[in-house]
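One letter stands for each residue in the lines below.
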Amino acid sequence: MAAELDAVADALLTVWEAARERTTSRVSGAQLRAIMLVEQHDGINLRRLATGLDMLLSSASRLCDRLVAAGMLEREPGRLDRREISLHLTPEAHRLLAELRDDRRQQLAAILGDMTPEGRQALLVGMREFDEAARRRHASVQSVEPAGPWSDAGGPAGPPVGLPKQEWPGDEPRVARTA
């Protein structure tokens, strides 16, 4: 069953990747992940962005420099600590993400239109159950692993593969989802 699911999941991943390639030619994959992280956590600081992207602070800083130059990000002094820089998306970045999501949804709708109503319903039920099982599994793994810098928060806004939202130390959520 796992091998069959792996094989058929490739079609969904192909739709995701094709939409990304059609709509995000202006940014790299790492830049897109940064934009998505800033979208989910408007005002995030550079250190937390680097942590969320699992990269060095200096690399995240250079990535942000390129996104600012491309008109996708804005930097502003932090509201609580003016030495800290907060990051915000520009209208251009919001448009880019909207285009990506719209393209992806159109492609998915076309494919779903080729399915029977029963097949669509079964897919939705199965995906919801898969999501719940993945969340439970992730929660049980978290409970037996040594405590790390992230705590499990769960929630409905998690990634499409069903992994729960993560939280920053200090209760600011970490991104784990796609556009």
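Predicted model only: the values in this text are computed from it and were never measured.

Engineer: Any details on the overall build of the protein? Residues and values, ideally.
Structural biologist: What the protein contains, in helices and strands, is six helices and five strands. Secondary structure elements of the protein occur, N-terminal to C-terminal, as α-α-α-α-β-β-α-α-β-β-β. The buried share among the 179 residues of the protein stands at 30%. Counted over contacts in the protein with a minimum sequence separation of 6, partners at least 24 positions apart contribute 52%. With an accessible surface of roughly 11,100 Å², the protein has 56% of that area assigned to carbon and sulfur atoms.

Engineer: An account of the pattern of salt bridges is needed here, citing residue identities and associated values.
Structural biologist: Counted under the stated rule, the structure contains eight salt bridges. Taking the shortest distance from any N to any O, the salt bridge between Arg20 and Glu17 comes out at 2.9 Å. With Arg20 and Glu17 both in helix H1 (residues 2-23), this residue pair falls three residues apart, about one helical turn. With a relative accessible area of 23%, Arg20 lands in the partly exposed category. Relative accessible area serves as the criterion here: at 33%, Glu17 is assigned to the partly exposed category. A single salt-bridge network, built from bridges that share partners, covers Arg26, Glu92, Arg95 and Glu99.

Engineer: Explain the environment of Arg95 to me, and be specific about the residues and the numbers.
Structural biologist: With respect to the helices and strands, the residue Arg95 is situated in helix H5 (residues 91-113). The spatial distance from the C-alpha of Arg95 to the C-alpha of Met72 is 9.7 Å, given a sequence separation of 23 residues.

Engineer: I'd love a proper account of the nonpolar core, names of residues and values included.
Structural biologist: Of all hydrophobic cores here, the largest spans 22 residues; its most connected members are Ile35, Leu49 and Leu67. Contributions of two or more residues to this core are made by helix H2 (29-40), helix H3 (46-53), helix H4 (57-69), strand S2 (85-89) and H5. The greatest single-element share of this core, amounting to six residues, is contributed by H2.

Engineer: Mind laying out H5, listing which residues take part and the relevant values?
Structural biologist: Here H5 is 23 residues long and its end C-alpha atoms lie 32 Å apart, about the 33 Å a rise of 1.5 Å per residue gives. For H5, the complete set of buried residues consists of Ala93, Leu96, Leu97, Leu100, Arg101, Asp103 and Arg104. Contact partners of the buried residues in H5: H1, H2 and S2.

Engineer: Go over the environment of Ser25, please, and point to the residues and values.
Structural biologist: Tracing the chain through its elements places Ser25 in the loop between H1 and H2. With relative accessibility at 66%, the residue Ser25 sits in the exposed group.

Engineer: An account of the packing of H2 against H4 is needed here, citing residue identities and associated values.
Structural biologist: Packing of H2 against H4 brings their axes to within 10 Å, and their N-to-C directions diverge by 85 degrees. What the angle tells us is that H2 and H4 run roughly perpendicular. The residues of H4 that touch H2, namely those facing Ala30, Gln31, Ala34 and Ile35, are Leu63, Arg66 and Leu67. When the residues that make up the contact of H2 with H4 are grouped by side-chain class, the tally is five nonpolar, one polar and one charged.

Engineer: Describe in detail a nonpolar patch on the surface, supporting the description with residues and values.
Structural biologist: The grouping of Leu5, Val8, Leu12, Leu112, Leu123, Met127 and Phe130 at the surface amounts to a nonpolar patch, some 560 Å² of accessible area in total. Mapped onto the secondary structure, Val8 falls in helix H1.

The rules we used
Residues numbered from 1 in each chain as written. Predicted model: local features only at pLDDT ≥ 70, side-chain atom pairs only at ≥ 80, totals over all residues. Heavy atoms only, no water. Helix = DSSP H or I, 4+ residues; strand = E, 2+ residues; numbered from the N terminus. Buried < 20%, exposed > 50% of the residue type's maximum accessible area, 1.4 Å probe, protein only. Contact = heavy atoms within 4.5 Å. Areas by Shrake-Rupley, 256 points an atom, 1.4 Å probe, with all protein chains shown as cover. Salt bridge = Lys/Arg side-chain N within 4 Å of Asp/Glu carboxyl O. Core = buried A, V, L, I, M, F, W, Y, C linked by side-chain atoms within 4.5 Å. Expected span 1.5 Å × (residues − 1). Axes fitted to C-alpha atoms, helices over the stretch in contact; angles between N-to-C directions. Parallel < 35°, antiparallel > 145°, perpendicular 65-115°, else oblique. Nonpolar A, V, L, I, M, F, W, Y, C, P; charged D, E, K, R; others polar. Patch = residues over 30% accessible without salt bridge, like charges linked within 9 Å, V, L, I, M, F, W, Y side chains within 5 Å.

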